[in-house]
Amino acid sequence: MSLQQLDAFREKHLDLNSIKELPESYAWSSEDNCPSSSNSEPVPVINLKDSNAMKHVGYACKTWGVFQVTNHDIPITLLNNMEASGRKLFSLPFQQKLKAARSLDGVSGYGVARISSFFPKLMWSEGFTLIDSPHQHAQKLWPQGSGNFCDVIEEYNKEMNKLSNRVMWLILGSLGIKKGDIKWANQEGEIKEACAALQLNSYPSCPDPDRAMGLAAHTDSTLLTILHQSNTSGLQVQRGVGWVTVKPIAGALVVNIGDLIQILSNGLYSSVLHRAMVNRTQHRLSVAYLYGPPSNVRIAPLSKLTDNVHPPLYRPVTWSEYLGTKAKHFNKALLFVRLCAPITMSGFVDASTDNHNSVLVG
Ligand SMILES: O=C(O)CCC(=O)C(=O)O
Ligand SMILES: [Fe+2]
């Protein structure tokens, strides 16, 4: 990063841990920050060892787009070590974290939420994105040695890759999709070249949490995301017109349906809009494993799920093409890969030649 870039970066990145009063640039209007609905039923919790797990996953995908899983075989010590590693990273002095800052056009490293550019106000959070090996980053953060940081990240990535694959097959299986139906998986259903990123999020305690926003509403551009949240509430998902808090359950992991499952399932399962809120006393941490397909694979509605009555709603896209669309159009990205927009109960309009204007919205 050049000195000029670093100055621009510092201007935008305040050390949230040292701020005693919420600056105006972090104060969201009450409209953006609408409170959560009380009395909602809770987000489904699914025991992966339950013989009906696939059925429960199907129901959760259809009605929520999010669920928590227990009995997932990820050792609790690994979850605790991952959380401790995240805390160790974010508790470094601000200037030290800046040494591993994400470059302006880069993806990995330390920085504000990448979705920040779509919002007029700043978010009360800091993030660290890791793709592939953590070693280079660790070397910048801890020149004297990073202890077990890299081992924990590597072990966590390995375990999350296995679990993501298992959960993906529960999701696809609930739609009647069999291992042989996905060409980019081998006969056992494994995806050897699956791409993934690890997103560490830190939400320092905030002097005015009711006016602040940790991470603004978004859907994930993944097939699915597995989120480990610390025991502090903050994650909320949209349900109907309100927001429902995903209550932390010790040892449970949250699974979010991402945009690519929406495409694969031809809209049968929708990605879930979610956001993270902050609080006055506790420093919240979350670790998101962002799971996607191999980079060269074109994701399209599965042919088993389409017919004359249910034409493909989305055109084929690779993950990187889709990320490019998301980087430009953010929460409207799915509309930009959409082929047909339902207009009446009985028919579809072909939108493939449309210039993606507001006709597509809704
Ligand atoms: O911190 C959370 O609970 C949500 C994080 C998240 O949505 C993300 O990293 O994409
Ligand atoms: Fe997310």
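Residues numbered from 1 in each chain as written. Chains lettered and ligands numbered in written order. Predicted model: local features only at pLDDT ≥ 70, side-chain atom pairs only at ≥ 80, totals over all residues. Heavy atoms only, no water.

The protein chain goes by gibberellin 3beta-dioxygenase in an unreviewed UniProt entry, where it is assigned to Lactuca sativa. Per UniProt, the protein chain has the following entry under Sequence similarities (unreviewed entry): "Belongs to the iron/ascorbate-dependent oxidoreductase family. GA3OX subfamily." (UniProt positions renumbered as here; feature names shortened; annotations may be inferred.)

> Looking at this structure, I do not really get the layout of surface pockets. What am I missing?
Using a probe with the size of a water molecule, rolled over the atoms, empty space left in the structure can be pinpointed. Put simply, the second largest pocket is a space of about 560 Å³. Taken together, 27 residues line the second largest pocket, and the ones lying closest to its centre are Thr-219, Gln-262, Ser-270, Ser-271 and Leu-334. Its residues assigned to classes, the lining of the second largest pocket shows 12 nonpolar, nine polar and six charged. (1 Å grid on protein atoms, 1.4 Å probe; cavity = no way out; pocket = protein on both sides within 12 Å on 5 of 7 lines; lining within 4 Å. Points joined across faces, edges and corners; volume = space filled by probe spheres on them. Nonpolar A, V, L, I, M, F, W, Y, C, P; charged D, E, K, R; others polar.)

> So what exactly am I meant to see when it comes to the coordination of the iron ion (ligand 2) here?
In an ideal tetrahedron of four donors about a metal, each angle is 109.5 degrees. In an ideal octahedron of six donors, the angles are 90 or 180 degrees. On the protein side, the iron ion (ligand 2) has His-218 (NE2), Asp-220 (OD) and His-274 (NE2) as donor atoms, found 2.1 to 2.2 Å from it. As a motif over one chain, the donors of the iron ion (ligand 2) read H-x1-D-x53-H. Residue Asp-220 is located in the loop between β6 (215-218) and β7 (224-229), and its partner His-274 is located in strand β11 (residues 274-276); the two are separated by 54 residues in the primary sequence. For Asp-220, a relative accessible area of 9% gives the class buried. (Donors = N, O, S within 2.8 Å, 3.2 Å for Na, K, Ca; no water. Helix = DSSP H or I, 4+ residues; strand = E, 2+ residues; numbered from the N terminus. Buried < 20%, exposed > 50% of the residue type's maximum accessible area, 1.4 Å probe, protein only.)

> Would you mind showing me how to read the site of ligand 1 here?
Looking at ligand 1, there are 13 residues lining it, with Asn-201, Tyr-203, His-274, Arg-284 and Ser-286 nearest. The separation between an oxygen atom of ligand 1 and a polar side-chain atom of Asp-220 is 3.3 Å. Residue Ser-286 places a side-chain N or O atom 2.6 Å away from an oxygen atom belonging to ligand 1. Out of a free accessible area of 290 Å², ligand 1 has 95% covered by protein chains. Going through the elements one at a time, β5 (195-203), β6, β11 and β12 (284-292) are the ones with two or more residues in the shell around ligand 1. Taken together, the residues that form the shell around ligand 1 break down as six nonpolar, five polar and two charged. (Near = heavy atom within 4 Å. Polar contact = N/O pair within 3.5 Å; in protein donor to acceptor, adjacent residues only side chain to side chain. Areas by Shrake-Rupley, 256 points an atom, 1.4 Å probe, with all protein chains shown as cover.)

> Sorry, what's going on with the UniProt feature "domain: Fe2OG dioxygenase" (unreviewed entry) in the protein chain here?
The positions that UniProt labels "domain: Fe2OG dioxygenase" (unreviewed entry) are, in the present scheme, residues 193-293. Within residues 193-293, the helical portion is 6% and the strand portion 45%, while the C-alpha atoms at the span's ends are 7 Å from each other.

> Help me understand the sheet that holds strand β9 (residues 242-245) in this model?
Spatially, β6-β11-β8-β9 is the arrangement adopted by the four strands of the open sheet, whose pairing is antiparallel. Across the chains shown, the open sheet's two edge strands, defined by having one partner strand only, are β6 and β9. Ignoring which end each strand starts from, the neighbouring axes of this sheet average 25 degrees apart. Summarising the sheet, strand β8 (residues 235-239) and β9 pair through four bridges and their orientation is antiparallel. In the strand pairing of β9, Arg-239 is matched with Gly-242. (Pairing = 2+ DSSP bridges. Axes fitted to C-alpha atoms, helices over the stretch in contact; angles between N-to-C directions.)

> Is there a simple way to explain the nonpolar core in this structure?
Among the nonpolar cores identified, the biggest contains 73 residues, and Phe-67, Phe-128, Ile-171, Leu-198 and Leu-200 are the most heavily contacted of them. Considering each element in turn, this core owes the most residues, 13 residues, to helix α6 (residues 149-173). Those residues in contact with Phe-128, other than ones at most four positions away along the chain, are Leu-89, Phe-90, Ala-100, Gly-109, Tyr-110, His-137, Leu-141, Leu-198, Gln-199 and Leu-200. Ala-113, Tyr-203, Met-277 and Val-278 belong to the second-largest nonpolar core, a separate cluster that totals 20 residues. (Core = buried A, V, L, I, M, F, W, Y, C linked by side-chain atoms within 4.5 Å. Contact = heavy atoms within 4.5 Å.)

> Hey, could you run me through the pattern of salt bridges in this one?
A side chain with one charge can pair with a side chain of the opposite charge if their charged atoms come near. On inspection of all chains with the given rule, the structure shows 12 salt bridges. Note that Lys-304 is salt-bridged to Asp-181, the shortest N-O span being 2.9 Å. Here Asp-181 lies in the loop between α6 and β5 and Lys-304 lies in the loop between β12 and α8 (319-329), a separation of 123 residues in the sequence. The class for Lys-304 is partly exposed, based on a relative accessible area of 48%. Lys-192 is the salt-bridge partner of Glu-190, the closest N and O atoms lying 3.1 Å from each other. For Glu-190, a relative accessible area of 36% corresponds to the partly exposed category. The exposure class assigned to Lys-192 is exposed, which follows from its relative accessible area of 61%. (Salt bridge = Lys/Arg side-chain N within 4 Å of Asp/Glu carboxyl O.)

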